[in-house]
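# Tertiary structure, described
Residues per chain are reported as follows:
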Amino acid sequence: MAGLEADIIELAGEPFNVGSPKQLGEILFDRLAVPGGEKGKTGAYATGADILEDITTLEDSHPKGARLAALVLDWRQIAKLKSTYTDALQDHINPETGRVHTSYSIAGANTGRLASTDPNLQNIPVRSDEGRRIREAFVAPPGRVLVSLDYSQIELRILAHIAEIPALVQAFRDGIDIHAMTASEMFGVPVEGMDPGIRRQAKAINFGVIYGISGFGLARNLRIPRAEAQGFIDRYFERFPGIREYMSETVKTAQEKGYVQTLFGRKIHTPDISAKGPGAGFAKRAAINAPIQGTAADVIRRAMIRMPDAIAGLDARMLLQVHDELLFEVAEDQAEDLTARARQVMEAAASPVVDLKVPLVVDAGKGENWAKAH
DNA sequence: AGTGCAGGCCAC
DNA sequence: AAACGTGGCCTGCACT
């Protein structure tokens, strides 16, 4: 990392704090005259990863800026992993147990999700190769393995149920690739042999819908013109009109009652729903998302409550909950038994209070460390 | 030295 | 006017 830092300063041509977005912004946009610099409310240039990634494409017009941006992106990834995980997690090892123990807030999130602190074990890296090396440090003791079980697409399944989208419900019942199906419906192309790029766009739209999508947000996410993104959303609503209905009904309920509810009847209050100005959009999207995210939180909590009885007699412990995943430690020769029991509990967790029109499906994995189990 | 915010980034 | 939901933790920086 020190070498990387030296390379960055040499390229910049002047000493500066690589960890300072403000200083980096001034070098890129003022001194190197990279175009597109935008200052936020504090007067500092924004230098987030998406902006730096755009700058790396300017190799022809601004070679120095492009290379500087690329190096800083590398540095930030390593610095993040080291400070937040490699270094910090070791300070959290309990001397008596030799393990890292987190704390859960039972009412951590407004939607009913748990929150994990000191340390947060719900945001251990997994998406990048480098990040997964952090996850490999979470290991089972000798003779034991880690088993991870996670709900597949639980929020989209809940959306399909709540908004009553026949095509989505049927696809989940048939076990079809849901993003490919969405792309097929929207763009009129067959699922077989689908262009991965088309599927990726449909996936972004499916996620966006759960979060209360906007044309602007989707455009930024997919890096496409806003008009094109809005066209995608319009077509999505045409194909799945129940979604638009769900969104407007949910906002209306929030405005009339001051809360929305999960499928299990738990209330989530929406005090900001009638805010004016910039906050209005935020409050509406939060209200749209809350019943979906909150129902998923209810489902996994019900599974967790039933878990001690379900795994009684096994040499196994439930270790962590990560929103749609439960992580267990179990004697090696009992991993299969545990997986079957835990999966049964998780897949049936909505029952008997809620009769979902879609199946809940749980994926499972095991290994000597969390990366392999996941 | 402690506090709080902003920017940034990790997860689901 | 801002711009995709829910969180927590890190560093830098301004301030007391």
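Worth saying up front: this structure is predicted, and the values here are computed from it rather than measured.

## What about the overall build of chain A?
- Across its full length, chain A holds 15 helices and eight strands.
- Dimensions of chain A along its principal axes, counting C-alpha atoms only, are 65 × 55 × 45 Å.
- Evaluated residue by residue, chain A yields a buried proportion of 42% over its 374 residues.
- At a minimum sequence separation of 6, the contacts of chain A that also span at least 24 residues come to 59%.
- Element-wise, carbon and sulfur atoms account for 51% of the exposed surface of chain A, whose accessible area totals about 19,400 Å².
- Looking at charge distribution, chain A has the averaged site of its 43 positive side-chain charges lying 5 Å from that of its 49 negative ones.

## Overview of the protein's contact with DNA strand C
- Taken together, the neighbourhood of DNA strand C is formed by 34 residues, with N110, D118, G217, N221 and R285 sitting nearest.
- Counted by atom, the contact set of DNA strand C within 4 Å of the protein is 65% sugar and phosphate.
- N17 places a side-chain nitrogen or oxygen 3.1 Å from a phosphate oxygen of DNA strand C.
- Within the contact set of DNA strand C, a phosphate oxygen lies 2.8 Å away from a backbone nitrogen or oxygen of G217.
- Counting residues per element, the ones that place at least two in the surface near DNA strand C are helix 4 (63-91), strand 2 (115-117), helix 10 (215-222) and helix 13 (279-310).
- Element by element, the count of residues in the surface near DNA strand C is highest for helix 13, at five residues.
- Taken together, the residues of the surface near DNA strand C sort by class into nine nonpolar, 19 polar and six charged.

## Describing the nonpolar core
- Counting 62 residues, the largest nonpolar core has Y151, L159, L218, Y236, I243 and F328 as its most contacted members.
- Ranked by residue count, the leading element in this core is helix 13, at seven residues.
- Once residues within four sequence positions are removed from consideration, I243 is found in contact with L159, A163, I165, V209, Y236 and F237.
- Judged by nonpolar contacts, the second largest core, of 20 residues, contains L11, A12, L24 and A79.

## Structural notes on the packing of helix 7 (residues 166-174) against helix 8 (residues 178-187)
- Where helix 7 contacts helix 8, the two axes come as close as 10 Å, and the packing angle between them is 145°. Handedness of the crossing formed by helix 7 with helix 8: right-handed. Across from A167, L168, A171 and F172 in helix 7, the residues of helix 8 making contact are I178, M181 and T182.
- For the contact of helix 7 with helix 8, the class distribution of residues is six nonpolar, one polar and no charged.

## Here's the deal with the protein's contact with DNA strand B
- With respect to spatial proximity, 20 residues lie near DNA strand B, and among them T47, R113, N123, V126 and R127 are the closest.
- For DNA strand B, the fraction of atoms within 4 Å of the protein that belong to sugar or phosphate moieties is 82%.
- Taking T47, its main chain carries an N or O atom lying 2.5 Å from a phosphate oxygen of DNA strand B.
- A distance of 3.2 Å separates a phosphate oxygen of DNA strand B from a polar atom in the side chain of R76.

## Examining a negative patch on the surface
- Together, E164, E245, E249 and E256 make up a region of like negative charge exposed at the surface.
- Looking at the element boundaries, E164 is found in the loop between helix 6 (154-162) and helix 7.

## Quick notes on the domain arrangement of chain A
- Here chain A is described as being made up of domain 1 (2-91), domain 2 (109-154 + 299-373) and domain 3 (157-294).
- Using only C-alpha atoms to locate each centre, domain 1 and domain 3 end up separated by 34 Å.

## Some thoughts on the packing of helix 10 against helix 11 (residues 226-239)
- Contact pair helix 10 / helix 11: the axes reach a minimum separation of 8 Å and the direction vectors enclose 115°. Our classification of the angle between helix 10 and helix 11 gives roughly perpendicular. Of the two elements, helix 10 crosses helix 11, and the hand of that crossing is right-handed. Listed contacts from helix 11 to G215, F216, L218, A219 and L222 of helix 10 are R226, A229, Q230, F232 and I233.
- By residue class, the composition of the contact of helix 10 with helix 11 is seven nonpolar, two polar and one charged.

## Side note on the environment of T47
- Summarising the element assignment, T47 is placed in the loop between helix 2 (21-31) and helix 3 (49-56).
- Owing to a relative accessible area of 5%, T47 belongs among the buried residues under this scheme.
- C-alpha separation for the pair T47 and F264, spaced 217 residues apart in sequence, amounts to 43 Å.
- Sequence-distant contacts of T47, defined by excluding residues within four places in its chain, comprise P21, L24, G25, F29, L52 and R76.

## Focus on the sheet that holds strand 3 (residues 144-151)
- With respect to topology, four strands assemble into an open sheet ordered 6-7-3-8, the strand pairing being antiparallel. Two strands bound the open sheet, and with one partner strand each, they are strand 6 (316-321) and strand 8 (362-367). Strand-to-strand twist of the sheet, defined as the mean angle between neighbouring strand axes without regard to direction, takes the value 20°.
- Summarising the sheet, strand 3 and strand 7 (residues 325-331) pair through seven bridges and their orientation is antiparallel. In the sheet register, L146 faces strand 7, and the bridge partner there is E329.

## Description of the pattern of salt bridges
- Evaluation of the coordinates by the stated rule reveals 17 salt bridges.
- Between K22 and E26 there is a salt bridge, with its nearest N and O atoms 3.4 Å apart. You can see K22 and its partner E26 sitting in helix 2, four residues apart, about one turn around the helix.
- Owing to a relative accessible area of 51%, K22 belongs among the exposed residues under this scheme.
- You can call E26 partly exposed: its relative accessible area is 34%.
- Each member of the salt-bridge network shares a partner with another, and the members are R99, R144, D315 and E329.

What counts as what
- Residues numbered from 1 in each chain as written.
- Chains lettered and ligands numbered in written order.
- Predicted model: local features only at pLDDT ≥ 70, side-chain atom pairs only at ≥ 80, totals over all residues.
- Heavy atoms only, no water.
- Helix = DSSP H or I, 4+ residues; strand = E, 2+ residues; numbered from the N terminus.
- Buried < 20%, exposed > 50% of the residue type's maximum accessible area, 1.4 Å probe, protein only.
- Contact = heavy atoms within 4.5 Å.
- Areas by Shrake-Rupley, 256 points an atom, 1.4 Å probe, with all protein chains shown as cover.
- Lys, Arg positive; Asp, Glu negative; His and termini not counted.
- Charge placed at Lys NZ, Arg CZ, Asp CG, Glu CD.
- Near = heavy atom within 4 Å.
- Polar contact = N/O pair within 3.5 Å; in protein donor to acceptor, adjacent residues only side chain to side chain.
- Nonpolar A, V, L, I, M, F, W, Y, C, P; charged D, E, K, R; others polar.
- Core = buried A, V, L, I, M, F, W, Y, C linked by side-chain atoms within 4.5 Å.
- Axes fitted to C-alpha atoms, helices over the stretch in contact; angles between N-to-C directions.
- Left-handed = near helix turned anticlockwise from the far one by under 90°.
- Patch = residues over 30% accessible without salt bridge, like charges linked within 9 Å, V, L, I, M, F, W, Y side chains within 5 Å.
- Salt bridge = Lys/Arg side-chain N within 4 Å of Asp/Glu carboxyl O.
- Domains from an automatic or database assignment.
- Parallel < 35°, antiparallel > 145°, perpendicular 65-115°, else oblique.
- Pairing = 2+ DSSP bridges.

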